[in-house]
Amino acid sequence: MINEFKDFIAKGNVMDLAVGIIIGAAFTAIVSSLVGDLINPVIGLILGGVDFTSMYFVLSGDVAPGLGLEAARENGAAIFAYGAFVTACINFLIIAFVVFILVKVVNRLKSAAEKPDDVAPEVKTGPSELDVLIEIRDQLKRG
């Protein structure tokens, strides 16, 4: 089992996957910052200065009006945190869009690499075997 594990780790695909996960985690942090620090404040400004990520409804429990989302959670109240959900959806859409663009670019690069830059000119070949036989037949008929 240890040898199988060594073989598994030694394959290049595992290293590619590990690098992808690390880059994905870093990219998620960037997108979270983009949404939390740039997009949500603009949405909050449009909604009248409300902090978008702390929008919630109290389902059960006592929560003082105007209390932030984390404080409401610490009070043990059951809350419906729709602002955090919308933020997560925005994060997902941005990540999905960037991954889509990345896949398009990679596919374009792959197709460009597969196409030969210089196409060999067509070489004119002689008559086919059938053409030669037909010509021989026609000459035999004539003569």
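Provided above is the structure to which this section pertains.
What counts and how
Residues numbered from 1 in each chain as written. Predicted model: local features only at pLDDT ≥ 70, side-chain atom pairs only at ≥ 80, totals over all residues. Heavy atoms only, no water. Helix = DSSP H or I, 4+ residues; strand = E, 2+ residues; numbered from the N terminus. Rg over C-alpha atoms; globule rule 2.2 N^0.38 Å. Buried < 20%, exposed > 50% of the residue type's maximum accessible area, 1.4 Å probe, protein only. Contact = heavy atoms within 4.5 Å. Areas by Shrake-Rupley, 256 points an atom, 1.4 Å probe, with all protein chains shown as cover. Core = buried A, V, L, I, M, F, W, Y, C linked by side-chain atoms within 4.5 Å. Expected span 1.5 Å × (residues − 1). Salt bridge = Lys/Arg side-chain N within 4 Å of Asp/Glu carboxyl O.

Trainee: Even after reading the chapter, I still don't get the overall build of the protein, so can you show me in this structure?
Mentor: Of regular secondary structure, the protein possesses 5 helices and 2 strands. The order of α-helices and β-strands along the protein, N terminus first, is α-α-β-α-β-α-α. Against the 2.2 N^0.38 benchmark of 15 Å for 143 residues, the protein shows a C-alpha radius of gyration of 33 Å, more extended than a compact globule. Counting only C-alpha atoms, the protein reaches 115 × 50 × 30 Å along its principal axes. Scored against the burial criterion, the 143 residues of the protein give a buried share of 13%. Pairs at least 24 residues apart make up 46% of the contacts formed inside the protein by residues separated by at least 6 positions. On the protein, roughly 11,800 Å² of surface is accessible, and the fraction owed to carbon and sulfur atoms is 67%.

Trainee: I'm lost on the nonpolar core in this one. Help?
Mentor: Core analysis: the biggest nonpolar cluster contains 7 residues, these being Tyr56, Val63, Leu69, Ala72, Ala77, Ile79 and Ala81. Apart from residues no more than four positions distant in its own chain, Tyr56 is found in contact with Val63, Leu67, Gly68, Leu69, Ala72, Ile79, Phe80, Ala81 and Tyr82.

Trainee: Explanation requested: the environment of Glu122 in the structure shown.
Mentor: Inspection of the secondary structure puts Glu122 in the loop between α4 (82–114) and α5 (129–142). Assessed through its relative accessible area of 82%, Glu122 is described here as exposed. Between the alpha carbons of Glu122 and Val132 there is a distance of 21 Å; along the sequence they are 10 residues apart.

Trainee: Even after reading the chapter, I still don't get α4, so can you show me in this structure?
Mentor: Residue pairs spaced three or four apart in an α-helix point in one direction, given the helix's 3.6 residues per turn. For α4, spanning 33 residues, the distance from its first C-alpha to its last is 48 Å, which sits close to the expected 48 Å at 1.5 Å a residue. Among all positions in α4, only Gly83, Thr87, Ile90, Asn91 and Ile94 are buried.

Trainee: Looking at this model, I keep getting lost on the pattern of salt bridges. Mind explaining?
Mentor: Side chains that carry opposite charge are capable of pairing whenever their charged atoms lie near each other. By the definition in use, this model includes 2 salt bridges. Between Glu70 and Arg73 there is a salt bridge, with its nearest N and O atoms 3.4 Å apart. Placement of the pair is Glu70 and Arg73 together in helix α3 (residues 69–74), with a separation of 3 residues, close to one helical turn. Exposure remark for Glu70: the relative accessible area of 48% places this residue in the partly exposed category. The shortest N-O distance in the salt bridge between Arg137 and Asp138 comes to 3.2 Å. The class for Arg137 is partly exposed, based on a relative accessible area of 43%. We classify Asp138 as partly exposed; its relative accessible area is 27%.

Trainee: I tried to follow the side chain of Asn91 on my own but got confused; where do I start?
Mentor: Relative to the assigned elements, Asn91 resides in helix α4. By relative accessible area, which is 14% here, Asn91 ends up buried. Apart from residues no more than four positions distant in its own chain, Asn91 is found in contact with Val31, Ser32 and Val35.

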